[in-house]
Amino acid sequence: MKVIKFGGSSLASSEQVAKVVAIVKDDPQRRFVVVSAPGKRSTEDIKVTDLLIQLYEAKLAHRSLTPLVEEIFARYLEIGEAFEIGEEHLAAIRIDLESIAALPIENNPHLYDHILSRGEDNNAKLIAGILQAQGVTARYVNPRDLGMLVSDEPGNARVLYKAYNQIKKWAQPDGVLVIPGFFGYTEEGNICTFSRGGSDISGSIVAAGVKADLYENFTDVDGIFAAHPGYVHKPEIMKELTYREMRELAYAGFTVFHDEALMPSFRAKIPVVIKNTNNPNCRGTKIIPERDLTEKPVVGIASDEGFSMIYISKYLMNREIGFTRRVLTILEEFGIGYEHMPSGIDDISIVIRSNQLDDDLQEQLMRKIAYEIDPDELRITHDLSMIMVVGEGMRQRVGITAESTAALARKRINLEMINQGSSEVSIMFGIHKEQEKLAIRTLYYTFFD
Ligand code: ASP
């Protein structure tokens, strides 16, 4: 039995929905269909979720909601009419969108989430209606009835452990169940959404709950590229990678699959496959617990920009008990999280996301470190990019770091930092952002044809 999730671009128009219907019909094992809200039909287009954000803003500003309600409804109407679904389905969507006007603004911390959730909720109702009209025994299931219980963290909910036991009860469905992604209900019955792009998370939770054999995540690409296609001409598509590898790649900017979506499938050991709605016969990229590591030591090269590095050096630092703790306490006092912390005998580098700092905060932070730590040398470097060479196979092969650094050196790319944990899933290089593209290309051609 399979759980299948369609992203916004797969549901953006009637033409796209026709492909979705064919995919659902093609395999009777596809019993749970998790849907996003209609996405962009072209690069200039706007997602229904973003229109709903505008609707929320209009409501707060006490502007008329009618033009936006009409614009959003038109998206569903175009799709529904093309499939000649029953009038009642479309009427219900209109009523639901119009009912937003009556929601209270005051003392309503869940208003934003409630409004945003309408995108997926109405789409699930629409797709269920379309599947029925196409002869499929299908029905809409509300996340509350399903048991999608989440923490009370508006805009950033997490699934509650007990949700899995509730969802398990649906494991033998009578026909195809269509479930809206992106949101769940708190124990008090309020709607809370996951973070943006969170329908991937919903699909993964459903797959884990019903113990699916496979979680199929349909997007608009043939799979996950081994490097950014904007940096490398026609990069390879990965056939297989492990959850750990995917986690590392997602961290460094591979956004095809939401990084929080991995955990539920990973815990339940359910394989995930990323496939293309526009090319469903392509095998896609499979994310699995273990793979044959001899096949490819490196699966992908990722990068992310926007890092700063605080460098602290102090002679005999290694003998000062509590040195690192004191530095980290200062960061904590300033509410700054760190990403990486490679260290030497007498020095330590702390890599942080630059967006946590402004000029003022930086000055106060550096002053405090200088005063409390009394270092011999203290400096901060900005505009760094982190390049990750990812592959569990490097555990079993000598020389991946050597090959990487040699290739980067040949291109005169200066390494500000190197970091490799003992798990050996990735090697990370901190470089100046201007050299990011060149570094990605260089590393890609070192490990791929
Ligand atoms: N519609 C939501 C968003 O645009 C969630 C999703 O598509 O996964 O973020």
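What you see is a predicted model; the values in this text were computed from it and never measured.

Let's talk about the packing of aromatic side chains
(1) Moving on: This model, assessed by the stated rule, comprises 8 aromatic pairs.
(2) Moving on: Ring centres of Tyr 161 and Tyr 164 lie 5.9 Å apart, and the angle between their planes is 65 degrees; on these two criteria the pair is classed as edge-to-face. In this pair, Tyr 161 and Tyr 164 both sit in helix α7 (residues 161-168), 3 residues apart, roughly one turn of the helix.
(3) Moving on: Each residue in the set Tyr 444, Tyr 445 and Phe 448 is aromatic and connected to the rest through ring pairs, giving one cluster.
(4) Moving on: The ring of Phe 73 carries Arg 94 above its face, with NZ or CZ at 4.4 Å from the centroid.
(5) Moving on: A cation sits over an aromatic face here: Lys 125 above Tyr 140, 5.2 Å from the ring centre.

What to know about the site of the ligand
(1) Moving on: Near the ligand you find Ser 36, Lys 47, Thr 49, Glu 120, Phe 182, Arg 196, Gly 197, Gly 198 and Ser 199, and these make up its full shell.
(2) Moving on: Arg 196 is positioned with one of its side-chain polar atoms (N or O) 2.6 Å from an oxygen atom of the ligand.
(3) Moving on: Between Gly 198 and the ligand, the recorded distance is 3.4 Å, taken from a backbone N or O atom to an oxygen atom.
(4) Moving on: Protein chains shield 94% of the accessible area of the ligand, which is 260 Å² for the free molecule.

A short note on the UniProt feature "binding site: substrate" (unreviewed entry) in the protein
(1) Moving on: Taking the numbering used here, the UniProt-annotated feature "binding site: substrate" (unreviewed entry) corresponds to Thr 49 and Glu 120. Spatial clustering of the annotated residues is evident: they stretch over 72 residues in sequence, but the largest pairwise C-alpha distance comes to 8.4 Å.
(2) Moving on: Along the chain, Thr 49 falls in helix α2 (residues 48-60).
(3) Moving on: Beyond its immediate stretch of four places on either side in the chain, Thr 49 contacts Ala 37, Leu 116, Glu 120, Phe 182 and Arg 196.

Observations regarding the UniProt feature "domain: ACT" (unreviewed entry) in the protein
(1) Moving on: Taken from the UniProt record, the annotation "domain: ACT" (unreviewed entry) applies to residues 389-449.
(2) Moving on: Regarding residues 389-449, the helix share stands at 38% and the strand share at 20%, and the terminal C-alpha atoms are separated by 16 Å.

As for the pattern of salt bridges
(1) Moving on: On inspection of all chains with the given rule, the structure shows 30 salt bridges.
(2) Moving on: A salt bridge links Asp 45 to Arg 41, with the nearest nitrogen and oxygen atoms 2.7 Å apart.
(3) Moving on: Asp 45 sits in the buried class, given a relative accessible area of 14%.
(4) Moving on: Residue Arg 41 is classed as partly exposed on the basis of its relative accessible area, which comes to 47%.
(5) Moving on: Where Arg 291 meets Glu 245, a salt bridge forms, and the shortest distance between an N and an O atom there is 2.6 Å. Taken as a pair, Arg 291 in the loop between β10 (285-288) and β11 (300-313) and Glu 245 in helix α9 (residues 243-251) lie far apart in primary sequence, 46 residues in all.

A word on the pairing of strand β2 (residues 30-35)
(1) Moving on: Within β2, 5 of the 6 residues are buried, leaving the element largely enclosed by the surrounding structure.
(2) Moving on: The pairing of strand β1 (residues 2-6) with β2 spans 5 bridges and is parallel. By the bridge assignment for β2, Val 3 is matched with Phe 32.
(3) Moving on: Where the polypeptide runs from β1 across helix α1 (residues 14-26) and back to β2, its parallel neighbour, the crossover connection is right-handed.

Section: the sheet that holds strand β12 (residues 347-353)
(1) Moving on: As summarised here, the arrangement of the 5 strands in space is β12-β11-β13-β15-β14, forming an open sheet in which the pairing is antiparallel. Each end of this open sheet is capped by a strand with a single partner; those strands are β12 and β14 (417-419). Going from strand to strand, the sheet's axes swing by 35 degrees on average, the running direction of each strand aside.
(2) Moving on: One ladder, built from 7 bridges, connects strand β13 (residues 377-390) with strand β15 (residues 426-432); its direction is antiparallel.

Thoughts on the environment of Ala 91
(1) Moving on: Inspection of the secondary structure puts Ala 91 in helix α4 (residues 87-98).
(2) Moving on: As a C-alpha pair, Ala 91 and Tyr 311 span 220 residues in sequence and 61 Å in three-dimensional space.

A closer look at the packing of helix α13 (residues 400-410) against helix α14 (residues 436-447)
(1) Moving on: At a closest axis distance of 9 Å, the pairing of α13 and α14 adopts a crossing angle of 130 degrees. Judged by the inter-axis angle, α13 sits oblique to α14. Classified by chirality, the crossing of α14 by α13 is right-handed. For the pair formed by α13 and α14, the contact residues are Ile 400, Glu 403, Ser 404, Ala 407 and Leu 408 on the first element and Ala 439, Thr 442, Leu 443, Thr 446 and Phe 447 on the second.
(2) Moving on: Of the residues that constitute the contact of α13 with α14, the class distribution is 6 nonpolar, 3 polar and 1 charged.

Some details on the environment of Leu 149
(1) Moving on: As for its position among the elements, Leu 149 is in the loop between α6 (143-146) and α7.
(2) Moving on: Given the relative accessible area of 17%, Leu 149 is considered buried.
(3) Moving on: In this structure, the C-alpha to C-alpha distance between Leu 149 and Tyr 185, residues 36 residues apart in sequence, is 5.2 Å.
(4) Moving on: If sequence neighbours within four positions are ignored, Leu 149 has contacts with Arg 158, Val 159, Leu 160, Lys 162, Ala 163, Gln 166, Tyr 185, Thr 186 and Glu 187.

Here's the deal with the packing of α7 against helix α8 (residues 199-209)
(1) Moving on: One way to put it is that α7 packs onto α8 with a least axis distance of 8 Å and a crossing angle of 60 degrees. The handedness of the crossing between α7 and α8 comes out as right-handed. Facing α7, whose interface residues are Tyr 164, Ile 167 and Lys 168, α8 presents Ile 205, Val 206, Ala 208 and Gly 209.
(2) Moving on: Residues of the contact of α7 with α8, tallied by class, amount to 5 nonpolar, 1 polar and 1 charged.

Calculation rules
Residues numbered from 1 in each chain as written. Predicted model: local features only at pLDDT ≥ 70, side-chain atom pairs only at ≥ 80, totals over all residues. Heavy atoms only, no water. Phe/Tyr/Trp six-rings, centres within 6.5 Å; stacked < 30°, edge-to-face > 60°. Helix = DSSP H or I, 4+ residues; strand = E, 2+ residues; numbered from the N terminus. Lys NZ or Arg CZ within 6 Å of the ring centre and 35° of its normal. Near = heavy atom within 4 Å. Polar contact = N/O pair within 3.5 Å; in protein donor to acceptor, adjacent residues only side chain to side chain. Areas by Shrake-Rupley, 256 points an atom, 1.4 Å probe, with all protein chains shown as cover. UniProt positions renumbered as here; feature names shortened; annotations may be inferred. Contact = heavy atoms within 4.5 Å. Salt bridge = Lys/Arg side-chain N within 4 Å of Asp/Glu carboxyl O. Buried < 20%, exposed > 50% of the residue type's maximum accessible area, 1.4 Å probe, protein only. Pairing = 2+ DSSP bridges. Right-handed = clockwise from strand over helix to strand, strands pointing away. Axes fitted to C-alpha atoms, helices over the stretch in contact; angles between N-to-C directions. Parallel < 35°, antiparallel > 145°, perpendicular 65-115°, else oblique. Left-handed = near helix turned anticlockwise from the far one by under 90°. Nonpolar A, V, L, I, M, F, W, Y, C, P; charged D, E, K, R; others polar.

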